[in-house]
Each structure stands twice: as structure tokens, then as C-alpha cells.
Amino acid sequence: DNHEMQRVAILNKNKPDTELIAYNEGLTGYDQGGIFPFEIPFWVILPKRAEMINLAVPNCPSVSHVAFGAIREEPTLWQLGQAAGTAAAIASTEDDLFPLHSVEIKGLQAALVKQGNIVHWPPFAVCPDINSSNTIHSFEMDS
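To keep things clear, this report deals only with the structure shown in the data block. Given the structure is predicted, the values throughout are model-derived calculations rather than measurements. (Residues numbered from 1 in each chain as written. Predicted model: local features only at pLDDT ≥ 70, side-chain atom pairs only at ≥ 80, totals over all residues. Heavy atoms only, no water.)

Section: the overall build of the protein chain
Helices and strands together make up the secondary structure of the protein chain, namely three helices and two strands. Order of helices (α) and strands (β) in the protein chain, N terminus to C terminus: β-β-α-α-α. The buried share among the 143 residues of the protein chain stands at 23%. Counting contacts in the protein chain only where the partners sit at least 6 residues apart, residues at least 24 apart contribute 50% of the total. As displayed, the protein chain has an accessible area near 9,900 Å², and 55% of this comes from carbon and sulfur atoms. (Helix = DSSP H or I, 4+ residues; strand = E, 2+ residues; numbered from the N terminus. Buried < 20%, exposed > 50% of the residue type's maximum accessible area, 1.4 Å probe, protein only. Contact = heavy atoms within 4.5 Å. Areas by Shrake-Rupley, 256 points an atom, 1.4 Å probe, with all protein chains shown as cover.)

In C-alpha cells:
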């Protein structure tokens, strides 16, 4: 149930000086690389720290319109919601409440895996160390 997001005019690579053609942006069919699962970083459901510190918005992630076309399906939104709720629970179990931006990602991932969620692809029983030089996972966000 993925659709083209917008139709744009681009130069025809075979006739770049003379011809424009219509390109349907956002359709990721089986023959265009759109078959592989992908990971979604936690920060996409958080507003910038300078704007708000204790709000998670799983149904309005900070992604492009094309990426939203891929993650708008209910099972993905359920997982984003579960990540938001789990992060809120972690942030409120300490003696003092702390911002969702400060939730340790490795701890959040471990809690989600323990709940039966698939956090990485391919699935791991234990999440890899995000501080290791052998991993591509990181948690960086504009402040």
C-alpha cells in the first residue's frame, strides 16, 4: 500500500538538453530496492531538545515524505508507539524524572527486545554495543 508521493519533472538522462520526463517520487517497488526492512532511529519521534524535552510523537515522526510513505503502515507505527511508551517508562522509573532525550538507547533497545520487538535487522537476541567501533548505529540529533 505504498504510493507515489509526488510527480516531478526531471531531465531525461538520454536527452538532457532537450527533454523533461515525469518521475514518480516515493514509489519503492520490489524492483527498486524497496523490499528490505530498515531500522528507524529513536530520535525521529522526539522534537528538538531546545523545543520540548518530554514529548514523543510516534505518529508524526521527523522524516521525509518519502520515508513516511514506508513507515506509515500500522505495524511500524505500533512499534514506534511501543518505543515511545517504553522510553517514557524508563524515564519515569528513576528517583527523578529525566527527559526522553536522555534515555539510554542501549537500555531502550534491550527493553524492547525483551518485550519481543525486532529492533535490528537481521534480528539479534541482544543489541550490539552502540559505542563499539564495529557498529553503524548511532544516536545523534540536533539540539
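Past the structure itself, the notes keep going.
With respect to the environment of Ala70
In this fold, Ala70 is placed in helix 1 (residues 65-71). A sequence separation of 33 residues divides Ala70 from Pro37, and the C-alpha atoms of the two residues are 9.9 Å apart.

Brief notes about the pattern of salt bridges
Within this structure, the stated rule accounts for one salt bridge. Across the salt bridge formed by Glu73 and Arg72, the nearest N and O atoms sit 3.8 Å from each other. (Salt bridge = Lys/Arg side-chain N within 4 Å of Asp/Glu carboxyl O.)

Things to note about the environment of Pro122
Tracing the backbone shows Pro122 in the segment after helix 3 (105-114). Considering only alpha carbons, one finds Pro122 and Pro37, 85 residues apart in sequence, at a separation of 8.6 Å.

Quick look at a nonpolar patch on the surface
The grouping of Ile10, Ile21 and Tyr23 at the surface amounts to a nonpolar patch, some 240 Å² of accessible area in total. Relative to the helices and strands, Ile21 resides in strand 2 (residues 20-25). (Patch = residues over 30% accessible without salt bridge, like charges linked within 9 Å, V, L, I, M, F, W, Y side chains within 5 Å.)

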